[in-house]
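One letter stands for each residue in the lines below.
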Amino acid sequence: MAFVAGLRPPARGRRQGEGTTAMKLTTMTQVTVDGVMQGNGAASDDRTNGFERGGWALGKGDDETRTFITRTYQRAEAFLFGRRTYELFAGSWGSSDQMRAHPIGVALNQAPKYVASTTLTAPRWEETTVLLGDLAAAIRELQAKPGGELQVHGSGILTQWLLANDLVDEMTLIVIPVILGQGARLFPETGPDLALDLVESRVDAKGVTIQVYRPAGRPRYATA
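Calculation notes
- Residues numbered from 1 in each chain as written.
- Predicted model: local features only at pLDDT ≥ 70, side-chain atom pairs only at ≥ 80, totals over all residues.
- Heavy atoms only, no water.
- Helix = DSSP H or I, 4+ residues; strand = E, 2+ residues; numbered from the N terminus.
- Buried < 20%, exposed > 50% of the residue type's maximum accessible area, 1.4 Å probe, protein only.
- Contact = heavy atoms within 4.5 Å.
- Axes fitted to C-alpha atoms, helices over the stretch in contact; angles between N-to-C directions.
- Parallel < 35°, antiparallel > 145°, perpendicular 65-115°, else oblique.
- Left-handed = near helix turned anticlockwise from the far one by under 90°.
- Salt bridge = Lys/Arg side-chain N within 4 Å of Asp/Glu carboxyl O.
- Core = buried A, V, L, I, M, F, W, Y, C linked by side-chain atoms within 4.5 Å.
- Pairing = 2+ DSSP bridges.

## Here's the deal with the side chain of Q38
With respect to the helices, strands and loops of the structure, Q38 is situated in the loop between β2 (24-32) and α1 (63-74). Exposure remark for Q38: the relative accessible area of 7% places this residue in the buried category. Other than its neighbours up to four places away in sequence, Q38 contacts D46, R47, T48, F51, W56, G183 and A184.

Take a look at the structure:
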């Protein structure tokens, strides 16, 4: 069932009672070496604003990387999307029988899905809730629930906003060895600065790197 709802804001907590861990917000983004995330593949074939170099992540990565991505989706408690990524996923993972049967499709279709949008009023993908009102408060309420991960995939503008508002607990970057020279980038030329702690890093047999970070406040800079 798809519906639209507003959420009331409790205080954010990382634990809900003794021994119960609150849900953490994690992001996973495929990017090029020059930071482009637009139009990476079939399920996210975004050709807006004159973008002509889509599909740059198709066929990249070895079996271990594909398994890592699949298992990440499978451990999600819920998913959070911006409207553009939600519509792309709904039209692929949510509607194609072949993609729905894929393990990633199964995970996406079974889990609750939340959309940050002020214009989406009639979502057709089952288990979808549109977040209304104070978005930061709504997301903090979701994070305060007991559970595993509230995952964000793609959704570049949303991810930028989440980072700027200190709502991201963990960020995974899957870096494809290609430079595009065009397209929407995950990190804008001007924006908030953020220090990161490296949690995990590896490179696969095809040169794709996986980097898992936790935000660590603001960076320190040398004095003049």
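## Concerning helix α4 (residues 103-110)
Those residues of α4 not exposed but buried are I104, G105, A107, L108 and N109. In this structure, the buried residues of α4 make contact with α1, β3 (76-82), α2 (83-90), α3 (97-101) and β4 (113-116).

## Quick notes on the packing of α1 against α4
Orientation of α1 relative to α4, taken along the N-to-C sense of each, is 20°, at an axis distance of 8 Å. Taken as axis vectors, α1 and α4 run roughly parallel relative to one another. In terms of crossing hand, the pair formed by α1 and α4 is left-handed. Packed against α1, whose contacting residues are I69, T70, Y73 and Q74, the element α4 presents P103, I104, A107 and L108 at the interface.

## A look at the pattern of salt bridges
Applying the stated criterion across every chain yields a total of 10 salt bridges. A salt bridge links R66 to D63; the nearest nitrogen and oxygen atoms lie 2.6 Å apart. With R66 and D63 both in helix α1 and three residues apart, this pair spans about one turn of that helix. Taking the relative accessible area as the measure of exposure, R66 reaches 37% and is therefore partly exposed. Here D63 falls in the exposed class, since its relative accessible area comes to 55%. Each of the salt bridges in this network shares a partner with another, and the network as a whole consists of K24, E170 and R214.

## Quick look at α2
Helical geometry note: an α-helix holds 3.6 residues per turn, so side chains three or four residues apart project in the same direction. Among the residues of α2, T85, Y86, L88, F89 and A90 are the ones counted as buried. Each element contacted by the buried residues of α2 is listed here: α1, β3, α4, β4, β5 (128-132) and β6 (149-153).

## Topic: the nonpolar core
As a rule of thumb, soluble globular proteins bury nonpolar side chains together. In terms of nonpolar packing, the biggest core is built from 29 residues, with I69, Y73, F79, F89, L108, W125 and I174 touching the most fellow members. Only α1, β3, α2, α4, β7 (170-176) and β9 (209-215) provide two or more residues apiece to this core. V31, I139, L158 and L173 belong to the second largest nonpolar core, which has 26 residues in total.

## A short note on the pairing of β7
Burial runs high along β7: seven of the seven residues are buried. Residues E170, T172, I174 and I176 of β7 are buried on one face, and the alternating residues M171, L173 and V175, pointing to the opposite face, are buried as well. Examined bridge by bridge, β2 and β7 share seven bridges and lie parallel to one another. In the sheet register, T26 faces β7, and the bridge partner there is E170. Across five bridges, the pairing between β7 and β9 is antiparallel. Counterpart to I174 in the pairing with β9 is I210.

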